[in-house]
Amino acid sequence: MAKILVEYEKGQESAFYPWLNSLPKQFFNGVSMTKACTSCLPPYAGWLTSTERINYAHFAQALRQGWVPLSQETISNKEVVKWAYNVAFTRFHEVWQPERAKLIGPMADMLNHAADPNCAIEVDYSGNINVVALREIPAGSALTISYGDPTNPTPLFAQYGFLPQDCATIFCKAMHLEPQIRGLGYDFAELLFQTETGEIAPKVWDVFLYSILQQNDSGAAQQFYAACQSDDEGTKEQYNAQYFEYTLAALKEHVYTILNDCEELTMRAQSYDLNQHPRVPVIVAHNELVFNTFTMTAALLEQMG
């Protein structure tokens, strides 16, 4: 990020000027969103975008401490500093060999995201960045790479400012159960709803049931926890069957809460002036994906009882 600002100050004398001059001047990710924008997002997306804004604030504060040899004019230019941060944040490629580093390869950073990419970026020990084909690619096809976990589009939305069109799943949005998620050792990427059917991943049921047991029967909660840790599917099925009506009710309450929230948040976003809040369309698209998926999930839950 600091390197980009250093090259920015050189202007046309920078070897990177043609590349820098070709980059977007406006971004739609979490760093670029205002508090008004984040207030229009469901809790999980709002948390991710707010976290990105906080990380940027730390970077800007570090610049003001004078640790990077930049002019005061550049450091005090909030638009330029945020632009440089976004360029680095949305275009870097992380490598682990020969040591962990975050690199940017002009031109290679132009490749778009796909859930099933046909290319990958590799960095050799000399620091050369190569784009390699993962399979046969027909002539005229777009070259794509993966920007991140395709099972959960919201982190991509927060970091890059777009909503993947080929995502098959989304996180179940149960942020209120984060202690239970962490306690069971589960990852958000495992707690999914299918975007085409609304189908619920088995571990979502585990998390909701674990919360219910913790509130009502600590002994049963410990036994269920042990079953989850040891992959004892038989014991887990017994508990899920025994407490099914309670878990179902808790899931219904959660799903309908998110549906109501999405409607209200989308209406709020649509009331904004697009000239002042140009990121509204991508926010609305995100909320609609959540709403449509959760609507299908609600229908499945109603069929269960």
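The paragraphs below set out a description of the structure included in this document. (Residues numbered from 1 in each chain as written. Predicted model: local features only at pLDDT ≥ 70, side-chain atom pairs only at ≥ 80, totals over all residues. Heavy atoms only, no water.)

## Structural notes on the environment of Lys 173
Among the secondary structure elements, Lys 173 is positioned in the loop between strand E7 (169-171) and helix H8 (178-184). Of the residues examined, Lys 173 reaches a relative accessible area of 4% and is grouped as buried. Once the C-alpha coordinates of Lys 173 and Val 95 are considered, the two residues, 78 residues apart in sequence, prove to be 30 Å apart. Setting aside chain neighbours within four positions, we find Lys 173 in contact with Tyr 44, Thr 154, His 254, Ile 258, His 286, Val 290 and Phe 294. Of note is the side chain of Lys 173, whose polar atom sits 3.0 Å from the side chain of Thr 154. (Helix = DSSP H or I, 4+ residues; strand = E, 2+ residues; numbered from the N terminus. Buried < 20%, exposed > 50% of the residue type's maximum accessible area, 1.4 Å probe, protein only. Contact = heavy atoms within 4.5 Å. Polar contact = N/O pair within 3.5 Å; in protein donor to acceptor, adjacent residues only side chain to side chain.)

## Quick word on the side chain of Gln 180
Mapped onto the fold, Gln 180 is located in helix H8. With a relative accessible area of 12%, Gln 180 lands in the buried category. Within the structure, the side chain of Gln 180 is placed 2.8 Å from the side chain of Gln 214, a separation counted as a polar contact. The contact partners of Gln 180, leaving out residues within four places of it in the chain, are Val 207, Tyr 210, Ser 211 and Gln 214.

## Re the packing of aromatic side chains
Throughout the structure, instances matching the rule amount to 18 aromatic pairs. Summarising the aromatic geometry, the rings of Tyr 160 and Phe 162 are spaced 6.2 Å apart at their centres and angled 50° between planes, so their arrangement reads as tilted. On the basis of relative accessibility, which here comes to 25%, the residue Phe 162 falls in the partly exposed class. When the ring centre of Phe 92 is taken as reference, the NZ or CZ atom of Lys 102 above it lies at 5.0 Å. Across from the ring centre of Phe 28, 5.7 Å away, lies the NZ or CZ of Arg 279, which sits over that ring. (Phe/Tyr/Trp six-rings, centres within 6.5 Å; stacked < 30°, edge-to-face > 60°. Lys NZ or Arg CZ within 6 Å of the ring centre and 35° of its normal.)

## Re the nonpolar core
Formed by 54 residues in total, the largest nonpolar core has its most connected members in Phe 171, Leu 191, Phe 193, Val 204, Leu 213, Ile 283 and Phe 294. The set of elements that each furnish at least two residues to this core consists of helix H4 (43-64), helix H7 (153-160), E7, H8, helix H9 (202-216), helix H10 (218-229), helix H12 (244-270) and helix H13 (280-304). If one sorts the elements of this core by residue count, H13 sits on top with nine residues. Sequence-distant contacts of Leu 191, that is, excluding residues within four places in its chain, are made with Ile 170, Phe 171, Cys 172, Ile 181, Tyr 186, Lys 203, Val 204 and Val 207. Counting 22 residues, the second-largest nonpolar core is a separate cluster that includes Ala 60, Leu 63, Val 68 and Phe 89. (Core = buried A, V, L, I, M, F, W, Y, C linked by side-chain atoms within 4.5 Å.)

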